[in-house]
Structure formats: structure tokens, C-alpha cells
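# A look at the structure
What follows is each chain in one-letter form.
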Amino acid sequence: MRWLISLMALLPAVAGADVDQRFAKMRDVAEKVGSLSEFIEGYAGSCGPLMTSQCEQKRKDFRRAADGRKHYMIVTEESASVLSMGDANPISGEFTLNLTPFFAGGDGALTHGAPAKTDANGNAVLPFIRIPAKVPDGWSMQLMSRQVAARALRLQLVFTPEGVWTLPRKGGGPVRGVRARFDGVIVQIGRTGEVIGTWFAK
């Protein structure tokens, strides 16, 4: 499978305090994820052909400690190709950001829910999360669209892991990932930290 997103980085210094208070409360009690690839490997990684009991037990212990607990990470600008423009109203400045809830790390991925199939290229198929957003003061919709295309936005994500999913890999072998509930997402202008969109799970 061709992964679309590189390793997520946790950058506490750029998280910013000027976010929705509901999101801030979730973020402040969540477990910080420093390396998404390490988290995915610990939670959903394969133990290889030997399948040692020690390895399997380590995976079970990791999942037991993580399940039901909120986790927090930042998706940096260069990794934000999961975002695309949706419906837009140039008059009001309101628009929708389509988020593909698929964050790759190492040989796996973190997803909102579990993908049921892959496309012709072997990529996991997931429905968009549609994030309501508003163009900042002094900006045009055209400029905003360019920012999205240029990957100039940053995401903050709070999620709760719920299990492991597997799909057949194009060319043979399985693809594994972490099935999670995305509890909340904040979208910011990377350069300034200004929040332009917020989404919460219902």
C-alpha cells in the first residue's frame, strides 16, 4: 500500500492556548504521542513469523494500557495532505475541509474507524470527516484554497484507540492499523497558529 502521510510529530510548543475549551480539556488529560510509528507498532505491529509468546504478550499489554484512554498528537504542515477543500461560500467566508482520517506511521496507520476495503492502488478507503471552517479576517477563499493545496495547515488530534484492523496488502501480505475514535480535531494556520476549523465526534 502506498502510504499518504509521513510520521506525525508531537510539538507541544506550537499547540497554542487559543483553541476551543472543549478541545483543550480533552487535550490536557490525554496521553501525548511522541512517535506515531512507535505507537502503531506497539499497538498493532506484527510479531513476525516466529510469533513468540513474549512479543504477543507485549502487544496485549500495550493495547490494554492504551484502550479507552484519550491520546493527543499534532500533525505537522508537511504531513497534512489528508486535507482537501470541500464546499465553500466566498461571501460568508465559510467552507468545509475534507479530512481523510488516515495517518500512516511505519508499516501501519491510525484511522477513524476501520477501513473495509482498498482502492485499485491498494490505498485504504475511508469516508471524509467534514470539518466546518472559516477564512481568517483579511483572507480570500482563493488564498485559503492555496494554503490547503500547499499543505500550510496544521492539525491537532485527540483520539481513543479501540482495536486493530487488517486488510490484504496489494502484492501480498496483510496491512495492519489502529482502529480509533477521533474525538476532536483542530485545524490551524501553520505559520500563525490561528484556528480556522474545529470538529468533534458526535
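Look up: the structure comes first, before these words.
Quick caveat: nothing in here was measured; it's all calculated off a predicted structure. (Residues numbered from 1 in each chain as written. Predicted model: local features only at pLDDT ≥ 70, side-chain atom pairs only at ≥ 80, totals over all residues. Heavy atoms only, no water.)

## Observations regarding the overall build of the chain
Here is the rule: For the purposes of this entry, the term helix denotes a DSSP run of H or I that reaches at least four residues, the term strand denotes a run of E that reaches at least two, and both are numbered from the N terminus. With a 1.4 Å probe rolled over the protein chains alone, any residue whose accessible area is under 20% of its type maximum counts as buried; one over 50% counts as exposed, and the rest are partly exposed. Here, residues are in contact when the closest pair of their heavy atoms is within 4.5 Å.
Across its full length, the chain holds four helices and 10 strands. Along the chain, from the amino end to the carboxyl end, the secondary structure elements read α-β-α-α-β-β-β-β-β-β-α-β-β-β. Counting every position in the chain, which comprises 202 residues, the buried fraction comes to 47%. For the chain, restricting intrachain contacts to residue pairs at least 6 apart in sequence, the fraction spanning at least 24 positions comes to 71%.

## Structural notes on the state of the cysteines
Disulfide: a covalent bond formed between the sulfur atoms of two cysteine residues. Applicable threshold: Note on terminology: pairs of cysteine sulfur atoms within 2.5 Å are recorded as disulfides.
Counted by the stated rule, this structure contains one disulfide. There is a disulfide in this structure between cysteine 47 and cysteine 55, and the S-S distance comes to 2.0 Å. Taking the torsion about the S-S bond as the criterion, the cysteine 47 to cysteine 55 disulfide, at about -90°, is left-handed. Residue cysteine 47 is classed as buried on the basis of its relative accessible area, which comes to 14%. Overall, cysteine 55 belongs to the buried group, its relative accessible area being 17%.

## Considerations on the nonpolar core
Worth spelling out the cut-off: What makes a nonpolar core is a set of buried Ala, Val, Leu, Ile, Met, Phe, Trp, Tyr and Cys residues whose side-chain atoms join them at distances within 4.5 Å.
Counting 36 residues, the largest nonpolar core has Leu97, Phe103 and Leu110 as the members making the most contacts within it. Mapped by element, the contributors of at least two residues to this core are helix 2 (36–44), strand 2 (71–75), strand 4 (94–99), strand 7 (129–134), helix 4 (141–149), strand 8 (153–168), strand 9 (174–189) and strand 10 (195–200). The greatest single-element share of this core, amounting to six residues, is contributed by strand 9. If you look at the next biggest cluster of nonpolar residues, it comprises 10 residues, including Met26, Tyr72, Ile74 and Phe200.

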